[in-house]
Amino acid sequence: MSSQAGHELRELELKDFILSHPSLETLRGSPQGILSLIDEFERTRKGLLKPSSHKARIIRDLIAALRPTVMIEMGGYVGYSAILFGDAFPRETMDNMHFFSLEPNHCFADIAKCLIDLAGLSSFVEVMAGPTDASIRRLFSLGLKKVDFMLVGHDKLAYTPSLKLFENLRMVSPGTVIVVDNATFSGNKPYMKYVRTSVEEKREVVKRRESPDIFNMSKILATIDPEVRPGNPNLNYETWSMDGTGPAWNMGLVEVVECIGEEETSSPMSTSV
Ligand SMILES: C[S@@+](CC[C@H](N)C(=O)[O-])C[C@H]1O[C@@H](n2cnc3c(N)ncnc32)[C@H](O)[C@@H]1O
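Here the residue numbers are simple positions, counted from 1 along each chain's written sequence. Thresholds applied to this predicted model are a pLDDT of at least 70 for local features of residues and 80 or more for the giving and counting of side-chain atom pairs; totals over whole chains, interfaces and linings are not thresholded and use all residues. With hydrogens and water set aside, each side-chain value is computed from the structure's full complement of heavy atoms.

The protein is annotated in an unreviewed UniProt entry as catechol O-methyltransferase of Aspergillus puulaauensis. According to the UniProt record, the Sequence similarities (unreviewed entry) comment for the protein is "Belongs to the class I-like SAM-binding methyltransferase superfamily. Cation-dependent O-methyltransferase family." UniProt positions are given in the numbering used here, feature names are shortened, and annotations may be inferred rather than shown by experiment.

Pasting the structure below:
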């Protein structure tokens, strides 16, 4: 067995636990029922990564208030949060709404698909397995224009590159609201700094990188190191913190980032990065 498979043992055990649970048939099709089985596994067997109940309440309240048409979750893991937050959408409106859960680990993504299906949400919540950049580009090529609500809780080092890719593709634009998990953790500082930087300053950074660029180095570098992607420096964000502390593993603040406007530029932004 590979070392990666070793890391996935508890998640595979979770799947077996649920599929062989005596109450499964009565709970099939019930998001709360499947969540209760995952909670039971966590309580009686092994710990899993999931939002604290306090943090979950904040995010469910935001979904109810914002009523997003397109929601993306970065880092879906085994689907707990996708079931929890997918269930926050009114059933009668699900036909017109889309929830995408992006997960690079195929084993986790398969488990998430299975649990989301058991919860009766698979026609609404779509799990996208594989490298995150490829999933984002696929959504773009399928015609997804704008993300209304995004949950960011994946690899902290990928927060800024992922956001910049969304910006480049114009999928993050004025009106997009992003909830950032554990915003205060050290790895997230570059992200929080980026969304708090003024348009003027971001334009300067992009200009310094791109000019003079007779060898088109900025484009080449951006494909090698996504951190140097230009993003869309013309976007203005407003950020505020919500108290997300709780008893679970992921203590820390829930930071809400809202894209509040785009300043005009004389040269159009590229969508090729
Ligand atoms: C803390 S867990 C997410 C927990 C989940 N949102 C929940 O509450 O049920 C982080 C997940 O992000 C995934 N991940 C790691 N790097 C990623 C990336 N670059 N893009 C998207 N997901 C990533 C990991 O495989 C893991 O499943």
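This next bit is on helix α2 (residues 9-19). An α-helical turn contains 3.6 residues, so a residue and the one three or four places further along point in the same direction. When α2 is considered as a whole, its buried residues turn out to be Glu 11, Leu 14, Phe 17 and Ile 18. Here the buried residues of α2 occupy an arc of 115° about the axis, which is enough to place them on one side. Each residue gets one of three labels from its accessible area relative to the maximum for its type: buried under 20%, exposed over 50%, partly exposed in between, using a 1.4 Å probe on protein chains only. Comment: elements are numbered from the N terminus, with helices defined as DSSP H or I runs of at least four residues and strands as E runs of at least two. Think of it as the arc spanned by the lines of direction from the helix axis to the C-beta atoms.

We now examine the pairing of strand β5 (residues 177-180). Neither face of β5 is open: one carries Val 177 and Val 179, the other Ile 178 and Val 180, and all of them are buried. Bridge count for strand β4 (residues 149-152) against β5 is four bridges, and the pairing is parallel. Looking at β5, one finds that Leu 151 is bridged to Val 179. For crossovers, right-handed means that the path from the first strand over the helix to the second runs clockwise, given strands pointing away from the viewer. With helix α9 (residues 159-168) bridging β4 and its parallel neighbour β5, the resulting β-α-β unit is right-handed. A pair of strands is considered paired only if DSSP assigns at least 2 bridges between the two.

On the basis of which strands lie adjacent, the open sheet formed by seven strands has the order β3-β2-β1-β4-β5-β7-β6 and mixed pairing. Of all the strands in the sheet, the pair left with one neighbour each is β3 (125-129) and β6 (235-242). The mean inter-strand angle of the sheet, taken between neighbouring strand axes irrespective of direction, is 20°. Looking at chain direction, strand β1 (residues 70-74) and strand β2 (residues 98-103) are connected through five bridges and run parallel. Paired with Glu 73 across the strands is Ser 101, a residue of β2. To obtain an axis, a line is fitted to C-alpha atoms, over the contacting stretch when the element is a helix, and the angle between two such axes runs from 0 to 180 degrees between their N-to-C directions.

Here the focus is the site of the ligand. For this description, a residue counts as near a given molecule or strand if any of its non-hydrogen atoms is within 4 Å of it. Around the ligand there are 17 residues in total, and Pro 51, Gly 75, Ser 81, Glu 103 and Thr 132 lie nearest to it. Contacts described as polar in this section are N or O atom pairs within 3.5 Å, which, within protein, must combine one atom able to donate a hydrogen with one able to accept it, while residues neighboring in sequence count only if both atoms come from side chains. Within the backbone of Gly 75, an N or O atom sits 3.0 Å from a nitrogen atom of the ligand. The side chain of Thr 132 places a nitrogen or oxygen atom 2.4 Å from a nitrogen atom of the ligand. For accessible areas, the Shrake-Rupley method is used with a probe of radius 1.4 Å. Any residue's cover is judged against the shown protein chains and nothing else. Computed on the free molecule, the ligand has an accessible area of 600 Å², of which 82% lies beneath the protein chains in the complex. Gly is placed with the polar residues, together with every amino acid not listed as nonpolar (Ala, Val, Leu, Ile, Met, Phe, Trp, Tyr, Cys and Pro) or charged (Asp, Glu, Lys and Arg). Tallied by class, residues from the shell around the ligand come to eight nonpolar, five polar and four charged.

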